[in-house]
Amino acid sequence: MAEVVVVPDPDTGGQLAARTVLDTVRRNPDAVLGLATGSSPLPVYRALARLIAEEGVDVGRVSGFALDEYVGLPPAHPESYRSVITREVTVPLGLSPDRVHVPDGDPARADTAGEAYERALAAAGPVDVQLLGVGTDGHIGFNEPGSSLTSRTRLKTLTEQTRRDNARFFGSVEEVPVHCVTQGIGTILRARHLILLAFGAAKADAVAAAVEGPLTASVPASAIQLHAHTTVIVDEPAASRLTHLDYYRHAWANKPAPQHI
Ligand code: F6R
């Protein structure tokens, strides 16, 4: 079962996840980080940048692998995940740019980008800590409902719901690309530790389905139930539909190694 940690606000969740990432890097200076984009992981990156600076941690050998990329946006487009990762992760954390990987979203290579990314992951991996958000439709990465639970990195079509959700980063829904290259569910499950972050009431149904619903390709995030080390960090609104909430709080409050995920 996933460990569910209910935090008072996203910043507290970000600090908790950032501390775990930093501990991983201290133990292993060659750590491989799995990087999500979107709004959910931003508090983690902010906290991590602060901790790295305050504690003087050397991240020169750390590598990062983004979960996904839109197909058809030039890499320099401000909302390409290449740009987002550079802006939110590579620069603030001080990672070495040549060690930070994002799938190739060039339409000319969309068919082969997945295999190339799998090869790069296999050479550098496994991922030590994989940060994840969850879509309101239950996707992880951009594995939309129906994605195979053993899928690998490949070209996918976004749902209209995801395009509407992500229109806030663009001028309009029409500007959100229709296709993406995303790590598969099977790819994500190879990471050593999954940390899924979800904040706000709009995520409550997806969180409940992921953590407590049946394991099903119809809710790709339910695949976290297959992983032996998953931490789900949620605020109160995102936790509000969980049936066993009291138990999760009890388990966290009585954890032998408190505040450590
Ligand atoms: C982003 C990604 C997506 C997002 C999800 C939630 O790399 O893979 O699964 O994590 O769409 O997005 P936010 O956090 O913006 O609500």
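As shown above, the structure is provided for reference.
Now for a description of the structure that goes with this document. Note that the structure is predicted; figures quoted are calculated from it, not measured. (Residues numbered from 1 in each chain as written. Predicted model: local features only at pLDDT ≥ 70, side-chain atom pairs only at ≥ 80, totals over all residues. Heavy atoms only, no water.)

## A few points about the overall build of the protein
Part 1: For the protein, the helix and strand inventory stands at nine helices and ten strands.
Part 2: Taking 18 Å as the expected radius of gyration for a compact globule of 261 residues, we find that the protein reaches 17 Å, a close match to that expectation.
Part 3: For the protein, the C-alpha atoms occupy an extent of roughly 55 × 40 × 35 Å along the three principal directions.
Part 4: Residue burial in the protein is summarised as follows: out of 261 residues, 54% are buried. (Helix = DSSP H or I, 4+ residues; strand = E, 2+ residues; numbered from the N terminus. Rg over C-alpha atoms; globule rule 2.2 N^0.38 Å. Buried < 20%, exposed > 50% of the residue type's maximum accessible area, 1.4 Å probe, protein only.)

## Examining the sheet that holds strand β8 (residues 179-182)
Part 1: If you walk across this open sheet you meet the three strands as β4-β8-β7, and the pairing is antiparallel. Edge positions in the sheet fall to β4 (68-70) and β7 (154-157), since each has one partner strand and no second. Neighbour-to-neighbour, the strand axes of this sheet turn through a mean angle of 30°, independent of strand direction.
Part 2: Relative to β8, β4 runs antiparallel, the two sharing three bridges. Within β8, the position partnered with D68 by the bridge is T182. (Pairing = 2+ DSSP bridges. Axes fitted to C-alpha atoms, helices over the stretch in contact; angles between N-to-C directions.)

## Describing the site of the ligand
Part 1: Near the ligand, the surroundings consist of 14 residues, among which T37, S40, D68, H139 and G141 are the closest.
Part 2: In this structure, S39 approaches the ligand through a main-chain N or O atom, which is 2.8 Å from an oxygen atom.
Part 3: A distance of 2.6 Å separates an oxygen atom of the ligand from a polar side-chain atom of H139.
Part 4: If the ligand stood free it would expose 410 Å²; the protein chains cover 94% of that surface.
Part 5: For the shell around the ligand, the residue count by class is three nonpolar, eight polar and three charged. (Near = heavy atom within 4 Å. Polar contact = N/O pair within 3.5 Å; in protein donor to acceptor, adjacent residues only side chain to side chain. Areas by Shrake-Rupley, 256 points an atom, 1.4 Å probe, with all protein chains shown as cover. Nonpolar A, V, L, I, M, F, W, Y, C, P; charged D, E, K, R; others polar.)

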